[in-house]
Amino acid sequence: MTKITHNGLWLDFSSMEKEDKKNYLISCIFLFIAGGIAGFVTISNSYGDPIPATEMTIAGIICLLIGVFFWLKFYRTQDEMFKKFHDFSVTTGAYCFIVLGIIFHSLSLAGVIAEAVHQDVCFPLNFLFFLVGALVGQVYFYRKYLS
């Protein structure tokens, strides 16, 4: 089974079985490509650059689905502790996404944050909220249950 290291922020690649390594790498590659496409389309559209946004979005969604498929193959072969660790980190990320997203949106509606700024950074900022929440959840879970 996969060993969780560095205070919950890293997976020990050498502890994985051959099939798990393959599924994990393929998942990471396709999810990275999907994220790159999403960032490119978001930035290009916000500045009005003429790109084939529909085709790029479809390619990004296909990459996302392939990445999720291989992540689920990897996830299913792991032990219960890894699954609890994963689920806890995703849950804390989603909680942070929702709570901080609502706060940020409320501040923009109240006029504290300009609406134009809110529209330009809405998705990247909400993704950052999710990422910070997931990282905090991983460190918390690791320190409470694994160390």
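Residues numbered from 1 in each chain as written. Predicted model: local features only at pLDDT ≥ 70, side-chain atom pairs only at ≥ 80, totals over all residues. Heavy atoms only, no water.

Next up on the list: the overall build of the protein. Helix and strand content of the protein: four helices and two strands. Taking all 147 residues of the protein together, the buried fraction comes to 30%. Contacts in the protein between residues far apart in sequence, at least 24 positions, make up 61% of those at least 6 positions apart. Put simply, the protein shows about 9500 Å² of open surface, and 72% of that area lies on carbon and sulfur atoms. (Helix = DSSP H or I, 4+ residues; strand = E, 2+ residues; numbered from the N terminus. Buried < 20%, exposed > 50% of the residue type's maximum accessible area, 1.4 Å probe, protein only. Contact = heavy atoms within 4.5 Å. Areas by Shrake-Rupley, 256 points an atom, 1.4 Å probe, with all protein chains shown as cover.)

What follows is about the environment of Tyr-95. With respect to the helices, strands and loops of the structure, Tyr-95 is situated in helix H3 (residues 80–109). Measuring from C-alpha to C-alpha, the distance between Tyr-95 and Phe-130 comes to 7.7 Å, with 35 residues separating the pair along the chain.

A separate point is the pattern of salt bridges. Tallied over the full model, the rule gives one salt bridge. Across the pair Lys-22 and Glu-19 runs a salt bridge whose closest N-O atoms are separated by 3.5 Å. Note that Lys-22 and Glu-19 are positioned in helix H1 (residues 18–46) at a spacing of three residues, about one turn of the helix. Classification of Lys-22 by relative accessible area gives partly exposed; the value is 39%. Given the relative accessible area of 41%, Glu-19 is considered partly exposed. (Salt bridge = Lys/Arg side-chain N within 4 Å of Asp/Glu carboxyl O.)

What follows covers H3. Under the 1.5 Å per step criterion, the end-to-end length of H3 is 43 Å for 30 residues, consistent within 8% with the ideal 44 Å. Listing the buried residues of H3 in full gives Phe-82, Lys-83, Phe-85, His-86, Ser-89, Thr-92, Gly-93, Cys-96, Gly-101, Phe-104 and Ser-108. With its phi angle positive at about 90 degrees, Gly-111 sits one or two positions after the end of H3. (Expected span 1.5 Å × (residues − 1).)

The next thing to look at is the packing of aromatic side chains. Following the criterion strictly, the structure yields twelve aromatic pairs and no others. Judged by centre distance (5.7 Å) and plane angle (85 degrees), the rings of Phe-74 and Phe-82 are edge-to-face. Taking the centre distance of 6.4 Å and the plane angle of 45 degrees together, the rings of Phe-82 and Phe-85 count as tilted. Here Phe-82 pairs with Phe-85, and both are found in helix H3, just three residues apart, close to one helical turn. Feature note: the residues Phe-13, Tyr-24, Trp-71, Phe-74, Phe-82, Phe-85, Phe-88, Tyr-140, Phe-141 and Tyr-145 constitute an aromatic cluster, connected by ring pairs. In this structure, Lys-83 packs its charged tip against the face of Tyr-75, placed 5.6 Å from the ring centre. (Phe/Tyr/Trp six-rings, centres within 6.5 Å; stacked < 30°, edge-to-face > 60°. Lys NZ or Arg CZ within 6 Å of the ring centre and 35° of its normal.)

Further remarks concern the packing of helix H2 (residues 53–76) against H3. The geometry of H2 relative to H3 is characterised by a closest axis approach of 10 Å and an angle of 135 degrees between their N-to-C directions. Judged by the angle between their axes, H2 and H3 are oblique. Residues Trp-71, Phe-74, Tyr-75 and Arg-76 of H2 form the contact with H3, whose own contacting residues are Phe-82, Lys-83, His-86 and Asp-87. Tallied by class, residues from the contact of H2 with H3 come to four nonpolar, one polar and three charged. (Axes fitted to C-alpha atoms, helices over the stretch in contact; angles between N-to-C directions. Parallel < 35°, antiparallel > 145°, perpendicular 65-115°, else oblique. Nonpolar A, V, L, I, M, F, W, Y, C, P; charged D, E, K, R; others polar.)

Looking at the protein as a whole, the pLDDT averages 86, with 89% of positions reaching at least 70. Within the protein, the element-level pLDDT minimum falls on helix H4 (residues 115–146), averaging 82, and the maximum on H2, averaging 92. (pLDDT = per-residue confidence, 0-100.)

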